[in-house]
Amino acid sequence: MNLGAFNFGGLFNPVLAWESLPFVLGGLPVTMLIAIVSMGMGLILGLFLALARGSNRIILRWPARIYISFMRGTPILVFLFILYFGLPVVGIKFTAIVAACLGFGLNSAAYIAEIDRSSINSIDRGQWESAKALNMSYLKTLRKVILPQATRIAIPPLTNVFMDIVKATSLAAVITVPELFQKAQLVTGREFDAMTLYILVALIYWPVCIVISFFQDRLEDRYSRFL
C-alpha cells in the first residue's frame, strides 16, 4: 500500500463538519429519547424476566428462557423490520419512533434479564434465609435486602447495555427515524462526503458515552454503601 499517494486531507472536511453540526445534532434528542425509553422498558421487563427465569415454576421459567433465547439470538435490525414493515401486514402499525423504542426495549430486556439474574444469584443465600427468619415476605426481602446489593453489582454491565442502545439507535435510520445517523446520511446525500459526516457522528457519540460513564461512576459511589 502506497501511503505517500494516500490523500489524508480528503478524509475529513472540518468546514463541512462545522456547518453540518447543528443539523446533525438535531437528531441527538431523538437518539437519547429512544435510548432512555428503551432502557426504561428493558429494566422493567428485564427484572420480571430475571425473576421468572429463576423461578421454580416451569410455567414461568420456560417462557422466560425462550423469550431471552429468541431475543439474544436474533439481530435487532431484523426485529425492527418486523415491527415497522411486517406488522402492518396484519393491521398493526407503529410510528418509526415507537417501533424503534419497542424494538430496542424488548431486545435489551433479554440481556438485562441475564444481568439481573446473575446479580441476584451472586447475593449470599444466607441473606434470603435471614430475611425469612425475620418473617419478611418475598417481595419485601427482594426490595429491602437483595435488590439494593444486586443493583451495585449490575450497574457496570447495565451501563454497557445502555451505551450499546445509544450506539445501536443508528440502526433506526433504516426505518426513517430522524436520529443522529439518519441526519448525517441526509447531509451525505447532499454533499457527497460520507467520510466527513461519519467521522462527525462518531465524534458526537463519543462524548455522549463519556457522560454516561460519568454517571455510572456516581451511581457506583452511591450504592457502595450497601457493601
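Parameters and conventions
Residues numbered from 1 in each chain as written. Predicted model: local features only at pLDDT ≥ 70, side-chain atom pairs only at ≥ 80, totals over all residues. Heavy atoms only, no water. Helix = DSSP H or I, 4+ residues; strand = E, 2+ residues; numbered from the N terminus. Buried < 20%, exposed > 50% of the residue type's maximum accessible area, 1.4 Å probe, protein only. Contact = heavy atoms within 4.5 Å. Phe/Tyr/Trp six-rings, centres within 6.5 Å; stacked < 30°, edge-to-face > 60°. Lys NZ or Arg CZ within 6 Å of the ring centre and 35° of its normal. pLDDT = per-residue confidence, 0-100. Salt bridge = Lys/Arg side-chain N within 4 Å of Asp/Glu carboxyl O. Expected span 1.5 Å × (residues − 1). Core = buried A, V, L, I, M, F, W, Y, C linked by side-chain atoms within 4.5 Å. Axes fitted to C-alpha atoms, helices over the stretch in contact; angles between N-to-C directions. Parallel < 35°, antiparallel > 145°, perpendicular 65-115°, else oblique. Left-handed = near helix turned anticlockwise from the far one by under 90°. Nonpolar A, V, L, I, M, F, W, Y, C, P; charged D, E, K, R; others polar. Patch = residues over 30% accessible without salt bridge, like charges linked within 9 Å, V, L, I, M, F, W, Y side chains within 5 Å. Areas by Shrake-Rupley, 256 points an atom, 1.4 Å probe, with all protein chains shown as cover.

Engineer: Describe in detail the environment of Gly-103, supporting the description with residues and values.
Structural biologist: Of note, Gly-103 is situated in helix α5 (residues 96-121). Taking the relative accessible area as the measure of exposure, Gly-103 reaches 0% and is therefore buried. The spatial distance from the C-alpha of Gly-103 to the C-alpha of Ile-76 is 7.0 Å, given a sequence separation of 27 residues. Not counting chain neighbours up to four residues away, the residues in contact with Gly-103 comprise Ile-76, Phe-79, Leu-80 and Leu-83.

Engineer: Before we move on, can you summarise the packing of aromatic side chains with the specific residues and values?
Structural biologist: For the coordinates displayed, the defined rule picks out 4 aromatic pairs. Between Phe-181 and Tyr-198, the ring centres sit 5.6 Å apart and the planes meet at 25 degrees, which makes this aromatic pair stacked. With Phe-181 in helix α8 (residues 180-191) and Tyr-198 in helix α9 (residues 194-223), this residue pair connects regions lying 17 residues apart in the sequence. Taken together, the ring pairs in this structure connect Phe-81, Tyr-84 and Phe-85 into an aromatic cluster. Over the ring of Trp-62 we find Arg-65; its NZ or CZ atom is 4.7 Å from the centre of that ring. Over the face of the ring belonging to Phe-23 we find Lys-183, whose NZ or CZ atom lies 4.6 Å from the ring centre.

Engineer: Describe the confidence of the model for the protein, and please don't skip the residues or the numbers.
Structural biologist: Taken residue by residue, the protein gives an average pLDDT of 87. The fraction at 70 or more is 94%. Every residue in residues 1-8 is under pLDDT 50, and counting partners more than four places away or in other chains gives 3 contacts.

Engineer: Give a description of the pattern of salt bridges that names residues and reports values.
Structural biologist: Across all of its chains, the model carries 5 salt bridges by this definition. Measuring nitrogen to oxygen at the nearest pair gives 3.0 Å for the salt bridge that ties Arg-117 to Glu-114. A residue pair is termed a helical-turn pair when its members lie 3 or 4 positions apart in one helix, as Arg-117 and Glu-114 do in helix α5 at 3 residues. Residue Glu-114 is classed as buried on the basis of its relative accessible area of 18%. Of the charged contacts in the structure, one is a salt bridge between Asp-221 and Arg-218, with a shortest N-O distance of 3.2 Å.

Engineer: Which residues make up α9, and what values do they have?
Structural biologist: Every α-helix winds through 3.6 residues per turn, so residues three or four apart in the chain are directed the same way. If you check α9, its first and last C-alpha atoms are 44 Å apart, about what 30 residues at 1.5 Å a residue would give, namely 44 Å. Three or more residues of α9 are buried, namely Thr-196, Leu-197, Leu-200, Val-201, Ile-204, Tyr-205, Val-208, Cys-209, Ile-212, Gln-216 and Glu-220. Buried residues along α9 sit in contact with α1 (14-25), α2 (28-53), α7 (138-168) and α8.

Engineer: Explain unusual backbone geometry residue by residue, including any values.
Structural biologist: Of all residues except glycine, most have a negative phi; of all peptide bonds, most are trans. Non-glycine residue Thr-176 carries a positive phi angle of around 70 degrees. For Thr-176, the location among the structural elements is in the loop between α7 and α8. For Thr-176, a relative accessible area of 47% corresponds to the partly exposed category.

Engineer: Lay out the nonpolar core with the relevant residues and their values.
Structural biologist: Val-24, Phe-104 and Val-177 are the most contacted members of the largest nonpolar core, which has 48 residues in total. Where this core is concerned, the elements lending two or more residues are α1, α2, α3 (58-72), α4 (76-86), α5, α7, α8 and α9. With 10 residues, the top contributor of residues to this core is α5. Setting aside chain neighbours within four positions, we find Val-24 in contact with Leu-180, Lys-183, Ala-184, Val-187, Leu-197, Leu-200, Val-201 and Ile-204. Of all hydrophobic cores here, the second largest spans 7 residues; its members include Ile-123, Trp-128, Leu-142 and Ile-146.

Engineer: Describe the packing of α1 against α9, listing the residues and the values that go with them.
Structural biologist: Contact geometry of α1 with α9 gives a least axis separation of 10 Å together with a crossing angle of 55 degrees. As far as their axial angle goes, α9 and α1 are oblique. Handedness of the crossing formed by α1 with α9: right-handed. Together, Leu-16, Ala-17, Ser-20, Leu-21, Val-24 and Leu-25 of α1 and Thr-196, Leu-197, Leu-200, Val-201 and Ile-204 of α9 make up the contact between the two elements. The class makeup of the residues in the contact of α1 with α9 is 9 nonpolar, 2 polar and no charged.

Engineer: Please give an account of a nonpolar patch on the surface that cites residues and values.
Structural biologist: A cluster of nonpolar residues, Phe-12, Leu-203, Trp-206 and Ile-210, forms a patch on the protein surface that exposes about 420 Å² of accessible area. Exposure remark for Trp-206: the relative accessible area of 57% places this residue in the exposed category.

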